[in-house]
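Report on the structure
What follows is each chain in one-letter form.
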Amino acid sequence: HYHDQNRSQLSQFSMILGLAGLTMAFIGGGKLIWDVLQGAEMTGLPEKASLLAVTFLFGWAACLVSIRAQNNLALPYILRGYSLVVVAWILLIYFRIVYKIFDGSYDPLKHLSRYSSLLTVGFIILVALGLLLEQYDMRPLSYPLLAGAAFHLFIVIIYYFFMVGSKPENIRGHLFFFVFILVIALLMLLHLGILNPARQFIDILFARDKKSLHLD
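Here the focus is the overall build of the protein chain. For the protein chain, the count of helices and strands is 8 helices and 0 strands. In sequence order, the protein chain lays out its α and β elements as α-α-α-α-α-α-α-α. A total of 216 residues make up the protein chain; the buried ones form 41% of that total. Sequence separation of 24 or more characterises 84% of the internal contacts of the protein chain that already satisfy a separation of 6 or more. Approximately 12,600 Å² of the protein chain is accessible, and the part contributed by carbon and sulfur atoms is 70%.

Turning to the nonpolar core, a few remarks are in order. Residues Leu79, Leu129 and Leu145 are the most contacted members of the largest nonpolar core, which totals 56 residues. Of all elements in the fold, only helix H1 (2-38), helix H2 (45-69), helix H3 (75-102), helix H4 (108-131), helix H5 (139-162) and helix H6 (171-190) reach the threshold of two or more residues within this core. The greatest single-element share of this core, amounting to 12 residues, is contributed by H3. If we ignore the near neighbours within four places in the chain, the residues touching Leu145 are Val87, Ile90, Leu91, Ile181, Ile184, Ala185 and Met188.

What follows concerns the pattern of salt bridges. Side chains bearing opposite charge may pair, as long as their charged atoms lie close to each other. Evaluation of the coordinates by the stated rule reveals 2 salt bridges. The partner of Asp137 in a salt bridge is Arg139, with the nearest N and O atoms 2.8 Å apart. For Asp137, a relative accessible area of 31% gives the class partly exposed. When its relative accessible area of 31% is taken as the criterion, Arg139 is described as partly exposed.

Overall, the coordinates contain 11 aromatic pairs when judged by the stated rule. With a centroid separation of 4.8 Å and an interplanar angle of 70°, the aromatic rings of Phe102 and Tyr159 are classed as edge-to-face. Taken together, the residues span a long stretch of sequence, with Phe102 in helix H3 and Tyr159 in helix H5 at a distance of 57 residues. A residue is classified by how much of its surface remains accessible, and Phe102, at 21% relative accessible area, is partly exposed. For Tyr159, a relative accessible area of 26% translates into the label partly exposed. Between Phe176 and Phe180 the ring centres are 5.9 Å apart and the planes differ by 45°, which places this aromatic pair in the tilted class.

All right, on to a nonpolar patch on the surface then. Nonpolar side chains collect at one region of the surface, where Phe95, Phe151, Leu153, Phe154, Ile157, Ile158, Phe161, Phe162 and Leu175 lie side by side and expose about 920 Å² of accessible area between them. For the nonpolar patch, the leading source of residues is H5, giving 7 residues. Its location among the elements puts Ile158 in helix H5. Classification of Ile158 by relative accessible area gives partly exposed; the value is 34%.

What counts and how
- Residues numbered from 1 in each chain as written.
- Predicted model: local features only at pLDDT ≥ 70, side-chain atom pairs only at ≥ 80, totals over all residues.
- Heavy atoms only, no water.
- Helix = DSSP H or I, 4+ residues; strand = E, 2+ residues; numbered from the N terminus.
- Buried < 20%, exposed > 50% of the residue type's maximum accessible area, 1.4 Å probe, protein only.
- Contact = heavy atoms within 4.5 Å.
- Areas by Shrake-Rupley, 256 points an atom, 1.4 Å probe, with all protein chains shown as cover.
- Core = buried A, V, L, I, M, F, W, Y, C linked by side-chain atoms within 4.5 Å.
- Salt bridge = Lys/Arg side-chain N within 4 Å of Asp/Glu carboxyl O.
- Phe/Tyr/Trp six-rings, centres within 6.5 Å; stacked < 30°, edge-to-face > 60°.
- Patch = residues over 30% accessible without salt bridge, like charges linked within 9 Å, V, L, I, M, F, W, Y side chains within 5 Å.

Taken by themselves, the reported measurements are silent on function.
Rendered as structure tokens:
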């Protein structure tokens, strides 16, 4: 009984640490994303990004220990909610990019690498959250992205074929980010098992804890 109580306390403590780390990383990341999309003066961007990465990894590792080593049953449901938040952020970034292309403030030489990096990081975070869970299907998360891409394509067709004064040269920017989101969504939808080696490695790391838990 004492062993179970101690394990429960450790599980709750590591869950609090993990969620605190992830939440701080999300809040800081949201502010950084907003500054990038607004075109604000970005001083110390590599340092800020490094700080956010370390904060996220700290929270991720604490959540991993809580779930895999201490059998936390509540945390996986909370992390699924965090995954939905990340999908919402990806869509917000995507639509903000689309808006900037429409209003003519998008400059490929200046913005292409930055915006592509933001979307890529969003996908990496989704993958990282998925790795925390032993059985996790990312396919449902691809549906909002596919819907957003389809809506984007519909608006582009209407705007450039039926609106007076549109600039067809901007279509290339729209197509690039449409395909970018489409590739991310399809990777999630096809469920190709790309994550299996990393997931198996994590399983091996925590196999001893699982055995101990079952023996108890």
